[in-house]
Each structure stands twice: as C-alpha cells, then as structure tokens.
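Here are the chains, one letter per residue:
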Amino acid sequence: MFSAGALWMGEFDELLAQAAEQDAGDSVEPSPMQARMEEGLRGAISVRQVPGGYALTAFDLHRFAAAVGRSEDLVVALPAFVDGVAVVRVAVEAFARRFVQGVGVRLLVVPDTVEHVAANAFAAMSAQRIHLGRGVSQLGEQRCDLAGVSPRLARREYSVDAANARYCAREGSLFSDNGKELVFLASPYGERVSLPQGVERVAAAAFADGCEPPAVVDCSAALARVDARGWDDAVWKCPAEAPAYRALRKRGVRLAGPFAVELDGCWYDFDDEG
C-alpha cells in the first residue's frame, strides 16, 4: 500500500516495477515506511483455501491507514501471494464495511493472479479507481453508491490491464465482450449522457447511485438490452429500430427519436416526414 498525494499512472507503473524487483529477490533495505506497513499487515489479511489457491476473505484497511498515518488518498495493491500461494479470488466479505469504513482509497489494484471477484465485493469501499489485473475473467455485479460509502465518493472509474482477455476500460468506463457490454459507466454524470458507441448490452449495475442522474440518455441503434433501471425516469433518445426500443417502452421509459428536441421543458418528436 502506498500513500498518495497527487498520483499519476506513470508513477504507479514505477511503483509496480519496484515491487516486482523486490519480489524477484533484489536486496532492498526496508524503509521506515515499509517497516510500519509490515507491522500494519500483521493480522490484517485473511484467506481461505479454494481450488487453485487462496480466496481473500478479509482486508482490514484501518490497519494500513494507521500504519501510514493517514486515512485518505491511499493506493492499495492487493496481495498476489500469501505464503507463496496465489490469491485467485476476492470473496464478497473481503471488504466488509467494518474493515473499510472511513478510509478513502484513490486506487485499488487487483493483482494479475486474481481470476474471480465476488459480486458486490467493492460495494462498501470508498475507492475512486479500481484497476483489474490481466487474470480477472469473472467480475460479479458491483453496485456503486457514491453517497453510501465513507468517505463519500465524488467519482468511480475503472482501468484494466491491457493483457486482460475479458475486460477493457475506456475513459474510466468498464466493458466486457470487446466493448459490447457496458459493465460500468464512469461517474459522475452530466445532464445529458451518451452511451459509448458499440454498446449492445447495459449491465444491471452499470450506473452509479448517489449522484444526480442524467435527464437525457442518447443511445445507438445497436442497443439490444438494458438491465440497469436507475435512469428509467430520463428521456432516452433511442432509434425505433434498436432491439432495446420495445423493452424500454414496455417498462414505461420515455422514448424519443433522433430528431426530438426540447423546448422550455417540453419534448417534441418528429418522424422522417417532419
């Protein structure tokens, strides 16, 4: 874990490189900060045996925050190995509220060894950015309530290792299936939001809660399914030929075509003949 003031991703890459050198066996004199961190690690991490390695079942951020003397803007790299055994899963209880409440995390790094992250494992964590390693192949639904964590979040975004075969990230938003499924849209949101091009499916937890939802949502004719319901009160500018059009209309979403305009709080739609 590193304490971060203003952290750029280039600096983060350098820190990861330093950690890799130490893991490779380089002789590095421990610093006072490292000594405090090692002291804070004792008893803070719990694991259980699962097929292929260990599942992380407890990660006490309060101990780490105490070790570095601050409780905000922390950069946390989860352990890839515990006693030489790979950590391949993150359990739902790993970041229980009692372990993370009151600690602000700027960047949480899921190591390359992890393959599976349980649904809502990050729900109680105040993490601004979550980085997925190359090995993550199954990420359970991760609800995000910006106002429901402590300290309260102003934003949530994702990044993904370029070698990950299942997930990718663009401008802080998380996708799967080569960009066809929107797993999470980086928050917060403006009054008008355009779903990224190429998105065919919107996952149930794709939109963050605890912030102002958009009034207008633009989407393309490729949109086929919207499982997220948090923005059903918005006006969706959705082409009638989009496969999702009928399902959205059936559940009461206000739909407008590509030629619709808003004037003084009223919406007017036009067909191809004007």
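Report on the accompanying structure. (Residues numbered from 1 in each chain as written. Predicted model: local features only at pLDDT ≥ 70, side-chain atom pairs only at ≥ 80, totals over all residues. Heavy atoms only, no water.)

## Points about the nonpolar core
Alright, step 1. By size, the foremost hydrophobic cluster in this structure holds 70 residues, and its most contacted members are Phe-95, Phe-122, Val-202, Phe-207 and Trp-236.
Alright, step 2. Not counting residues within four places of it along the chain, the set of residues in contact with Trp-236 comprises Leu-195, Val-217, Cys-219, Leu-223, Val-226, Trp-231, Leu-248, Val-253, Arg-254, Leu-255 and Ala-256. (Core = buried A, V, L, I, M, F, W, Y, C linked by side-chain atoms within 4.5 Å. Buried < 20%, exposed > 50% of the residue type's maximum accessible area, 1.4 Å probe, protein only. Contact = heavy atoms within 4.5 Å.)

## Digging into the sheet that holds strand β16 (residues 201–202)
Alright, step 1. Taken in spatial order, the 5 strands of this open sheet run β12-β13-β14-β16-β18, and their pairing is mixed. For this open sheet the edge positions go to β12 (167–170) and β18 (225–226), each flanked by a neighbour on one side alone.
Alright, step 2. As judged from the 2 bridges shared by strand β14 (residues 181–184) and β16, these two strands associate in the parallel manner. Across the sheet, residue Glu-181 finds its bridge partner in β16, namely Arg-201. (Pairing = 2+ DSSP bridges. Helix = DSSP H or I, 4+ residues; strand = E, 2+ residues; numbered from the N terminus.)

## Details of the pairing of β12
Alright, step 1. With 4 bridges connecting them, β12 and strand β13 (residues 173–176) associate as antiparallel partners. The residue bridging Arg-170 from the neighbouring strand is Ser-173, located in β13.
Alright, step 2. Hairpin geometry of β12 and β13 is characterised by an intervening segment of 2 residues between the two adjacent antiparallel strands and by a positive phi of about 50° at Glu-171.

## What about the sheet that holds strand β20 (residues 254–256)?
Alright, step 1. Spatial strand order, β15-β17-β19-β20: 4 strands in an open sheet with parallel pairing. The outermost strands of the open sheet, each flanked by one partner alone, are β15 (192–194) and β20. On average, adjacent strands in this sheet sit at an angle of 25° to one another, irrespective of strand direction.
Alright, step 2. Sheet topology places strand β19 (residues 235–237) next to β20; 3 bridges connect them, and they run parallel. Within the sheet, the bridge partner assigned to Trp-236 lies in β20 and is Leu-255. (Axes fitted to C-alpha atoms, helices over the stretch in contact; angles between N-to-C directions.)

Function-wise, these values are silent; they only describe arrangement.
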